[in-house]
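Take a look at the letters that make up each chain.
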Amino acid sequence: MREPEPPDRRSLDGLHPRAAADRDTGLAWLVAFGVLVTAGPAASQPRSRVDPALPPTLVSVEVEQAPVMDGMVMGDPAWSEAYPTAEFWQTRPDEGEPSSEKTEVRFVFSDTTLYIGVVCYDGEAGAITVADSRRDASLDDGDSIQIILDTFLDQRSGFVFGTSPAGQEYDGQVVNAGEGRLGRSTTTSSGSGAGFNGNWDGVWDVRTAVSDIGWSAEFSIPFRTLNYPSRDVQTWGVNIQRNIRRRNEVAYWAPLPRQYNLLRLSLAGHVTGVRVPPAEERGVKIVPYVTGEIGHSDVRERTTAVGDIGVDLKYAISPSLTLDLTYNTDFAQVEVDRQQINLDRFNLFFPEKRPFFLENAGVFSVSSVRQVAGGNPAQTELFFSRRIGIGADGREIPILGGARVSGKVSDTVSVGLLNMQTEAVGSETPANNFSVARVVRDLPNSSQIGALFVNRQATGSGAGPDNFNRTVAVDGRVGIGENGQVAGFVAKTSTPGLEEADHAYNLAWDYNSERWRFTLGYVEVADDFNPEVGFLRRGDRGFRNIDSGFSFITRPKNFLKLQQIRPHATFNRFWLFDGFAQSSFLHLDNDLEFNDSTLIKTAWNITGEGVIEAFEIADGVTVPIGTYNHHEAQLAYESNRGAPVSVGLRTRIGGFFGGHRATWGPTINIRTGDAFNAAIEWSRNDVDLPGGHFIANLTSAQVAYNFTPRRFVQALIQYNDSADLWSTNLRLGLLGQANTGLFLVYNDTRGLHETIPAGGGRSLILKFSRMFDLRD
């Protein structure tokens, strides 16, 4: 085999709140200090035996005869002339050392398709770990391979394809280099604005085989699935991640420092010589659907049977720019929301799950810096696609149709245009037209500048001209050195009747090295700032917020079988505009991760809440106006998720709104190979307040059986006594390409104690969709 060629009012703590000017001056000094720290000497690179300044390079080869898609790479003549990858390098457990097992990856291509062949050698083939094989299930809990393709070589955007020995199909879409830089997993996404969108579903195929030398995989990715520049022969960024679960090992082809994961495209290697087809060969993709539903409404006390049809269309304007059209948009196959318990007076955040809105969703998100650790959930989203087609009570609002244009118009400029039309529901919810426009200009060193415009306009009979809402924003991100960045936005809304202070702005700094991470951010939201097509967790009035944190990671050698220790702290505080401190949270934590991935977390929280309006926290229990300062302890345990049975426990005990709260939540996960998976979770909150005592329980059980990676049955049962309801969601999926196919869905929502919840009832839905690829 040939070697690769060379690379071508009062404060919560009793102190007087500072004046706004002093606070802003202090913030400016802190940001300036952060810039100086970030611009200092770069953190050391992994202790690998390759030059980190010289990315590894792989040469792709054009073949006349495509590989036989059977998972058997060795022995197939189509792979014989391809160049294999060189050494893989560990990020864990032994950072900078060669991988414990050999891995070979080859790239070949035909006129229409990119093929990737992977051979994962394993000296203990019988110990290979397989987990959930259902499409897009997490790859972290078993042996796996993931490949990221930076087709524009812009070090910001790309596509991820992955599989396991069981032949699972896993894919995702990357923007802004994934935004979140801490941690090893690429299998999560937080809402529609996340930098990594694991809900993106492309058209591609994979086959795997397990043998006595390990396991192998063959990927078949049509070029029309990808976006790329308009050049015949291209060089793409690429990195490859292999997980060996029994050793808790993560290794990369292009070595990465421990603080980064696969999405760190600025440190990726290259694949050269990729010859792509011209744009006119990409064609049109049409996905028609038909659906039928029988349902019974407990609220209306009647049973109905309905049927419907609709269609989605995708057209490649260019290899890098795509037009999507949808008519009578339907999301019957989407999994229901996970229920939450609200023990506060602020809004709950539920992530977007609908496929149409998730594709290219990152194009519409503004620059932000994700924080180090938990304690401060999503506060401000300027555009939140769940506002389109979902009412405030969670019920569906019919979407008549819409259009989206998204992608790159040049190597450095990305655009997103979205227009959706919803129908009226009764006399209270008029029809609305939603328009979103976004443009982003990429700058060197992962920097960028962009603008956003969001408009909601009521339409139809009875919709007055003053029934509208608009948001405009300018945002940017500046990379500082290899490990630092400053990001922020300035935004303004326009709402009839709210014409006073209607601005919001955010400025945040992040520094992330191998051992240390620091974050510091400031957010100000004025009283009349009202992004109706966005999300405000504290939507009742304006606030100022400072959010900060740090973490330190050390990896001891041969000490109690510890993989790493991560002490960290976060602090955030919210003030109203009159200086009154509304919330304060100081979180002191220490994470202990063992070699088998067992995790123990111990934490101490110092909390403060300033309540200016009494609110009902549970039936018959009210929290009165006042200031509440408390301490609480936290303990969390999670056993090895790679084992057939794993358990977890979360506890939180301490003061709460002048009383006491004890929260505990056990979990258990069971799997049998890649076919059967079950997860049971229980959260119990025992709250004793001056105004009364209550217990809030939230229980969920999720069970899935995978006949094949594309054939599954799944059940999600939830019990929430604080909301007086339980629900069941059953789904049978027989999938084709890009998550289309046949779905049979049963939903059942019922109230407790003879109550009838909004949306209560039962429904049985049958939906069939199929993708047709029409080429010129």
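Quick note: structure is the one above.
It should be emphasised that the depicted structure is a prediction, and the values quoted were computed from it without experimental measurement.

**Considerations on empty space enclosed by the protein**
No. 1: Estimates place the volume of the second largest cavity at around 800 Å³.
No. 2: Around the second largest cavity, the lining comprises 41 residues; the ones closest to its centre are Asp201, Val287, Lys314, Glu359 and Met771.
No. 3: Going through the elements one at a time, strand E15 (284–297), strand E16 (302–318), strand E17 (321–329), helix H2 (355–358) and strand E42 (761–769) are the ones with two or more residues in the lining of the second largest cavity.
No. 4: Grouping the amino acids of the lining of the second largest cavity by side-chain chemistry returns 16 nonpolar, 14 polar and 11 charged.

**A closer look at unusual backbone geometry**
No. 1: The omega torsion across Arg92 and Pro93 is 0 degrees, close enough to zero to call that bond cis.
No. 2: In this structure, Pro93 sits in the loop between strand E3 (89–92) and strand E4 (103–109).
No. 3: You will see that Asp724, though not glycine, has its phi angle at about 55 degrees, which is positive.
No. 4: Structurally, the position occupied by Asp724 is in the loop between strand E39 (711–720) and strand E40 (725–735).
No. 5: Backbone geometry at Asn739 places phi at a positive 65 degrees, although glycine is not the residue there.

**A few points about the environment of Asp393**
No. 1: Structurally, the position occupied by Asp393 is in the loop between strand E18 (380–381) and strand E19 (399–408).
No. 2: Residue classification places Asp393 among the partly exposed positions, given a relative accessible area of 45%.
No. 3: In the structure, Asp393 is positioned 366 residues away from Gly759 in sequence and 8.7 Å away in space, judged by C-alpha atoms.

**As for the pattern of salt bridges**
No. 1: Going through the model one piece at a time under the given rule, you end up with 45 salt bridges.
No. 2: Between Arg264 and Glu482 there is a salt bridge, and its shortest N-O distance comes to 2.7 Å. In this pair, Arg264 is assigned in the loop between strand E13 (249–252) and strand E14 (269–275) and Glu482 in the loop between strand E23 (468–480) and strand E24 (484–494), connecting sequence segments 218 residues apart.
No. 3: Overall, Arg264 belongs to the buried group, its relative accessible area being 7%.
No. 4: On the basis of relative accessibility, which here comes to 27%, the residue Glu482 falls in the partly exposed class.
No. 5: Between Glu335 and Lys353 there is a salt bridge, with the nearest N and O atoms lying 3.6 Å from each other. With Glu335 in the loop between E17 and H2 and Lys353 in the loop between E17 and H2, this pair connects stretches of sequence that are 18 residues apart.
No. 6: Where salt bridges share partners, they join Arg135, Asp136, Glu169, Asp171, Asp201 and Arg710 into one cluster.

The rules behind the values
Residues numbered from 1 in each chain as written. Predicted model: local features only at pLDDT ≥ 70, side-chain atom pairs only at ≥ 80, totals over all residues. Heavy atoms only, no water. 1 Å grid on protein atoms, 1.4 Å probe; cavity = no way out; pocket = protein on both sides within 12 Å on 5 of 7 lines; lining within 4 Å. Points joined across faces, edges and corners; volume = space filled by probe spheres on them. Helix = DSSP H or I, 4+ residues; strand = E, 2+ residues; numbered from the N terminus. Nonpolar A, V, L, I, M, F, W, Y, C, P; charged D, E, K, R; others polar. Buried < 20%, exposed > 50% of the residue type's maximum accessible area, 1.4 Å probe, protein only. Salt bridge = Lys/Arg side-chain N within 4 Å of Asp/Glu carboxyl O.

In short, the description is geometric, and any link to function would need to be established separately.
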